[in-house]
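Coordinate inspection notes
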Amino acid sequence: GVYEDFPQLLEVVSQKLRPDGTLVFFCENPYFAITLHTLLQFQLPSGSGKKNLTDPSYIKSMAEKYFSQVQMVPIETAITGVEEFAMHHFGKSSQLAEITKRLKTEKYYLVCRK
């Protein structure tokens, strides 16, 4: 499901988890090329209805308050034309590879260890 108050959820789960426990969950990437494309057409992304467009880096920073180790694992999707799109909009930026990777990342798994 979609949780509005994920900082509170992370706190509660971290308290209930065994000392050697691990929490694994995923969050959608609001910068995924297909999501951006849909939003630019003034449509809601299809799927389960409610979407959480919170930056995954923010979710990771919240998890780091309650877990000793937090790893973000990107799940990429092959999308034709993403490199050209990034080059057109960002030029020969030193961050072009990072921007392209983020555009291809559909979601992130977060692995949180107690």
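The structure displayed is predicted, hence computed values, not measured ones. (Residues numbered from 1 in each chain as written. Predicted model: local features only at pLDDT ≥ 70, side-chain atom pairs only at ≥ 80, totals over all residues. Heavy atoms only, no water.)

Before going further, it helps to examine the nonpolar core. Counting 12 residues, the largest nonpolar core consists of Phe6, Leu10, Leu23, Cys27, Ile59, Met62, Ala63, Phe67, Val70, Tyr108, Leu110 and Cys112. For methionine 62, the residues in contact, after removing those within four places along its chain, are Phe6, Pro7 and Leu10. (Core = buried A, V, L, I, M, F, W, Y, C linked by side-chain atoms within 4.5 Å. Buried < 20%, exposed > 50% of the residue type's maximum accessible area, 1.4 Å probe, protein only. Contact = heavy atoms within 4.5 Å.)

If you walk across this open sheet you meet the three strands as β1-β3-β2, and the pairing is antiparallel. Because the sheet does not close on itself, it has two edges, and the strands there are β1 (22–28) and β2 (69–76). Strand-to-strand, the axes of this sheet are offset by a mean angle of 20°, without reference to chain direction. Against the sheet, helix α3 (residues 56–63) engages β1, β2 and β3 (105–113), with an angle of about 160° to β2. (Pairing = 2+ DSSP bridges. Helix = DSSP H or I, 4+ residues; strand = E, 2+ residues; numbered from the N terminus. Axes fitted to C-alpha atoms, helices over the stretch in contact; angles between N-to-C directions.)

So, about the packing of helix α4 (residues 82–90) against helix α5 (residues 96–104). Where α4 contacts α5, the axes come no closer than 9 Å and their chain directions differ by 130°. The angle between α4 and α5 places the two elements in the oblique class. Read as a crossing pair, α4 and α5 show a hand that is right-handed. Contact residues: α4 offers Val82, Glu83, Phe85, Ala86, Met87 and Phe90, while α5 offers Leu96, Ile99, Thr100, Leu103 and Lys104. The class makeup of the residues in the contact of α4 with α5 is eight nonpolar, one polar and two charged. (Parallel < 35°, antiparallel > 145°, perpendicular 65-115°, else oblique. Left-handed = near helix turned anticlockwise from the far one by under 90°. Nonpolar A, V, L, I, M, F, W, Y, C, P; charged D, E, K, R; others polar.)

A surface patch of nonpolar side chains, amounting to about 270 Å² of accessible area, comprises Val24, Phe26 and Tyr109. Note on placement: valine 24 falls in strand β1. (Patch = residues over 30% accessible without salt bridge, like charges linked within 9 Å, V, L, I, M, F, W, Y side chains within 5 Å. Areas by Shrake-Rupley, 256 points an atom, 1.4 Å probe, with all protein chains shown as cover. Salt bridge = Lys/Arg side-chain N within 4 Å of Asp/Glu carboxyl O.)

Along α5, the positions that sit buried rather than exposed are Leu96, Ile99, Thr100, Leu103 and Lys104. For α5, the arc enclosing every buried residue in end-on projection is 135°, short of the 170-degree limit, so these residues lie on one face. When the buried face of α5 is taken as reference, the exposed residues oriented beyond 90 degrees from it are Ala97 and Glu98. Against α2 (33–40), β2, α4 and β3 lie the buried residues of α5. (Arc of directions from axis to C-beta.)

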